[in-house]
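Below are the chains, spelled out letter by letter.
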Amino acid sequence: IMKKDKYCPMTGCFGWNELVTTDVAAAKQFYTRLLGWKTQPFGKGSGYTLLKNGKDMAGGLMKIPQPGCPAQWVGYVLVDDVDATAKKAVKLGGKVVLAPSDIPDVGRIAVLVDPQGATIGIFKPAM
């Protein structure tokens, strides 16, 4: 799903877009009607939905994982080392809001907040 490819060939590129929302059903309805995207469940019982633009992936959709987080789109940037990048973000004044964690068969992710409050995800695809 999320990998280096012709659109995102290197570290530092945005490689995935994800919507976290309070109402998954309403978000699916809105984006499928607005942009013509199709939805596809990802992983049995995961609660994660893939958003597809024709045959291509447009992103993912899930219920907000932590109470109090706002509904928002999160862009994930490819990095060589999720843990090292998360530590570096903290040293530079950022915060880790989702600690580095593995998603089986997908890769390793973390979500950061920069010193101004903007959210960004970081991601290393599974090899």
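Below or above, wherever it landed, is the structure these notes cover. (Residues numbered from 1 in each chain as written. Predicted model: local features only at pLDDT ≥ 70, side-chain atom pairs only at ≥ 80, totals over all residues. Heavy atoms only, no water.)

Time to look at the pairing of strand E3 (residues 48-53). Most of E3 sits inside the fold, with five of its six residues counted as buried. Summarising the sheet, strand E2 (residues 38-42) and E3 pair through five bridges and their orientation is antiparallel. Bridge pairing links phenylalanine 42 to tyrosine 48 in E3. Count of turn residues in the E2/E3 antiparallel hairpin: five residues, of which glycine 43 carries a positive phi of about 70°. As judged from the five bridges shared by E3 and strand E4 (residues 56-63), these two strands associate in the antiparallel manner. Each residue of the ladder has a partner; that of leucine 51, found in E4, is glycine 59. (Buried < 20%, exposed > 50% of the residue type's maximum accessible area, 1.4 Å probe, protein only. Helix = DSSP H or I, 4+ residues; strand = E, 2+ residues; numbered from the N terminus. Pairing = 2+ DSSP bridges.)

Moving on, we get to the layout of surface pockets. The volume enclosed by the largest pocket comes to roughly 590 Å³. The wall of the largest pocket is formed by 29 residues, among which Glu18, Met62, Pro65, Tyr76 and Leu98 lie closest to the centre. Of all the elements in the fold, those that place two or more residues in the lining of the largest pocket are strand E1 (14-21), E3, strand E5 (72-78), strand E6 (95-103) and strand E7 (107-113). When residues of the lining of the largest pocket are assigned to their parent elements, the largest contribution, five residues, is made by E6. Residue classes in the lining of the largest pocket are distributed as 21 nonpolar, six polar and two charged. (1 Å grid on protein atoms, 1.4 Å probe; cavity = no way out; pocket = protein on both sides within 12 Å on 5 of 7 lines; lining within 4 Å. Points joined across faces, edges and corners; volume = space filled by probe spheres on them. Nonpolar A, V, L, I, M, F, W, Y, C, P; charged D, E, K, R; others polar.)

With a phi angle near 65°, aspartate 105 is a residue other than glycine that sits in the positive phi range. In this structure, aspartate 105 sits in the loop between E6 and E7.

When the terminal C-alpha atoms of helix H1 (residues 24-35) are compared, their 16 Å separation across twelve residues agrees well with the 16 Å that a helix rising 1.5 Å per residue should span. The opening residue of H1, the one whose side-chain oxygen lies 3.3 Å from the backbone nitrogen of alanine 25, is aspartate 23. Just downstream of H1, glycine 36 is the residue with a positive phi angle, here 75°. (Expected span 1.5 Å × (residues − 1). Polar contact = N/O pair within 3.5 Å; in protein donor to acceptor, adjacent residues only side chain to side chain.)

Keep in mind these numbers describe shape, not what the thing actually does.
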